[in-house]
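Each chain is listed here by its residues.
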Amino acid sequence: MSDEKTIVCRCEEISFQTISDTVREYSCSSREVKLRTRAGMGYCGGRTCRHMIDTIVAGINQEPIADEIQLSYRPPARPLTFGVLGGMQHDNESR
Amino acid sequence: MTMRVVNHPVLGKLPEQNRITIRFNGQPYEAYEGDTIASALMAQGVKTLRKHEMSGEGRGIYCNIGHCFECRVQVGDRKVVRACLTPVSEGIEIHSLTAFVKGGQTK
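So, a few notes on the structure that sits alongside this text. (Residues numbered from 1 in each chain as written. Chains lettered and ligands numbered in written order. Predicted model: local features only at pLDDT ≥ 70, side-chain atom pairs only at ≥ 80, totals over all residues. Heavy atoms only, no water.)

1. Digging into the overall build of chain A
Step number 1: A tally of regular secondary structure across chain A gives 4 helices and 2 strands.
Step number 2: For chain A, the N- to C-terminal ordering of α and β elements is β-β-α-α-α-α.
Step number 3: Here chain A has a C-alpha radius of gyration of 16 Å; the compact-globule value for 95 residues is 12 Å, and the former is much larger.
Step number 4: When its C-alpha atoms are laid out on the principal axes, chain A stretches across 50 × 30 × 20 Å.
Step number 5: Out of the 95 residues in chain A, the part that is buried amounts to 31%.
Step number 6: Here the contacts in chain A between residues at least 6 apart in sequence split such that 46% fall between residues at least 24 apart.
Step number 7: For chain A, the accessible surface area stands at approximately 6,100 Å², while carbon and sulfur atoms represent 53% of it.
Step number 8: Here chain A holds 12 positive side-chain charges and 13 negative ones, and the gap between their average locations is 6 Å. (Helix = DSSP H or I, 4+ residues; strand = E, 2+ residues; numbered from the N terminus. Rg over C-alpha atoms; globule rule 2.2 N^0.38 Å. Buried < 20%, exposed > 50% of the residue type's maximum accessible area, 1.4 Å probe, protein only. Contact = heavy atoms within 4.5 Å. Areas by Shrake-Rupley, 256 points an atom, 1.4 Å probe, with all protein chains shown as cover. Lys, Arg positive; Asp, Glu negative; His and termini not counted. Charge placed at Lys NZ, Arg CZ, Asp CG, Glu CD.)

So this is what it looks like as structure tokens:
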């Protein structure tokens with residue numbers, strides 16, 4: 001993780017540099033760095049980088065990761081088509 | 001030339017499976033029945049399943065267990081599925097999701 005160009009959030013291509021600069025400049029929480037840089041807002045719903053963002057923020061702000069959930073889980077838990085929302089019966093992905 | 005492991009030191013020789021033809025972005029590829037889209041294409045050396053919507057970087061499988069959605073591809077004319085979970089079937093039409101070019105047209 002030392003290399004500044006390392007990508008932390010794959011879906012939005014946010015690098016370690018961008019996140020740590022943002023945290024240092026605004027001394028912000030995970031949620032704020034997510035709002036400022038979109039890290040954690042990607043298609044995967046933060047599954048890949050949620051913990052990394054918390055760790056980076058905790059490291060820079062020198063405080064332990066808080067117990068309650070920093071980056072809340074947003075619906076939909078997994079992407080679905082408007083057809084399914086409208087009650088259509090798609091055959092499921094893996095038959 | 002296939003990337004498929006046909007002779008595994010532990011599992012031994014790959015049993016003969018019936019082959020089917022799948023199409024990815026208009027190109028025909030050979031696959032075994034029971035492959036997932038991701039493994040069938042990777043066996044044929046195709047690793048780029050999608051282009052990143054903003055930067056256009058090539059993207060392929062990452063978690064390969066249906067967790068990260070990096071491998072999303074379009075099957076048929078409307079359905080978008082995870083390539084690492086979806087089994088192939090004979091003559092399946094697969095298209096990669098194209099990157100959006102500023103100004104809204106897809107590449």
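2. Things to note about the interface of chain B and chain A
Step number 1: Between chain B and chain A, the contact holds 19 residues from the first and 17 residues from the second.
Step number 2: The contact between chain B and chain A buries some 1,600 Å² in all, and 49% of this surface belongs to carbon and sulfur atoms.
Step number 3: Here chain B and chain A share 2 salt bridges between them.
Step number 4: Note that A:Glu13 and B:Arg59 form a salt bridge whose closest N and O atoms lie 2.8 Å from each other.
Step number 5: At the boundary of chain B with chain A, the tally comes to 5 residue pairs in polar contact (both at pLDDT 80 or more).
Step number 6: Per-element tally for the side of chain B that touches chain A: the top contributor is strand β8 (residues 79-82) of chain B, with 4 residues.
Step number 7: Here the side of chain B that touches chain A is composed, by residue class, of 7 nonpolar, 5 polar and 7 charged. (Buried area = accessible area lost by both parts, 1.4 Å probe. Salt bridge = Lys/Arg side-chain N within 4 Å of Asp/Glu carboxyl O. Polar contact = N/O pair within 3.5 Å; in protein donor to acceptor, adjacent residues only side chain to side chain. Nonpolar A, V, L, I, M, F, W, Y, C, P; charged D, E, K, R; others polar.)

3. Observations regarding the pattern of salt bridges
Step number 1: All told, the structure shown has 13 salt bridges over all chains when counted by the stated rule.
Step number 2: For A:Asp21, the salt bridge identified is with A:Arg24, shortest N-O distance 3.8 Å. Residue A:Asp21 and its partner A:Arg24 are both found in helix α1 (residues 16-26); the two are separated by 3 residues, about one turn of the helix.
Step number 3: The exposure class of A:Arg24 is exposed, given its relative accessible area of 53%.
Step number 4: In this structure, B:Glu53 engages B:Arg50 in a salt bridge whose closest nitrogen and oxygen atoms are separated by 3.1 Å.
Step number 5: Classification of B:Glu53 as buried rests on a relative accessible area of 17%.
Step number 6: Look at B:Arg50 and you get buried, because its relative accessible area is 2%.

4. Topic: the sheet that holds strand β3 (residues 19-24) of chain B
All names here are of chain B.
Step number 1: Taken in spatial order, the 5 strands make up an open sheet running β4-β3-β9-β7-β8, and their pairing is mixed. Of all the strands in the sheet, just β4 (27-32) and β8 have a single pairing partner and so form its edges. On average, each strand axis in the sheet is inclined to that of its neighbour by 40°, with strand direction left out of account. (Pairing = 2+ DSSP bridges. Axes fitted to C-alpha atoms, helices over the stretch in contact; angles between N-to-C directions.)

5. Looking at the pairing of β4(B)
Residues and elements named next belong to chain B.
Step number 1: When β3 meets β4, the two strands line up antiparallel, connected through 6 bridges. Across the sheet, residue Arg-19 finds its bridge partner in β4, namely Tyr-32.
Step number 2: Connecting β3 to the antiparallel partner β4 that follows it, the hairpin turn spans 2 residues, and Asn-25 within it adopts a positive phi of roughly 50°.

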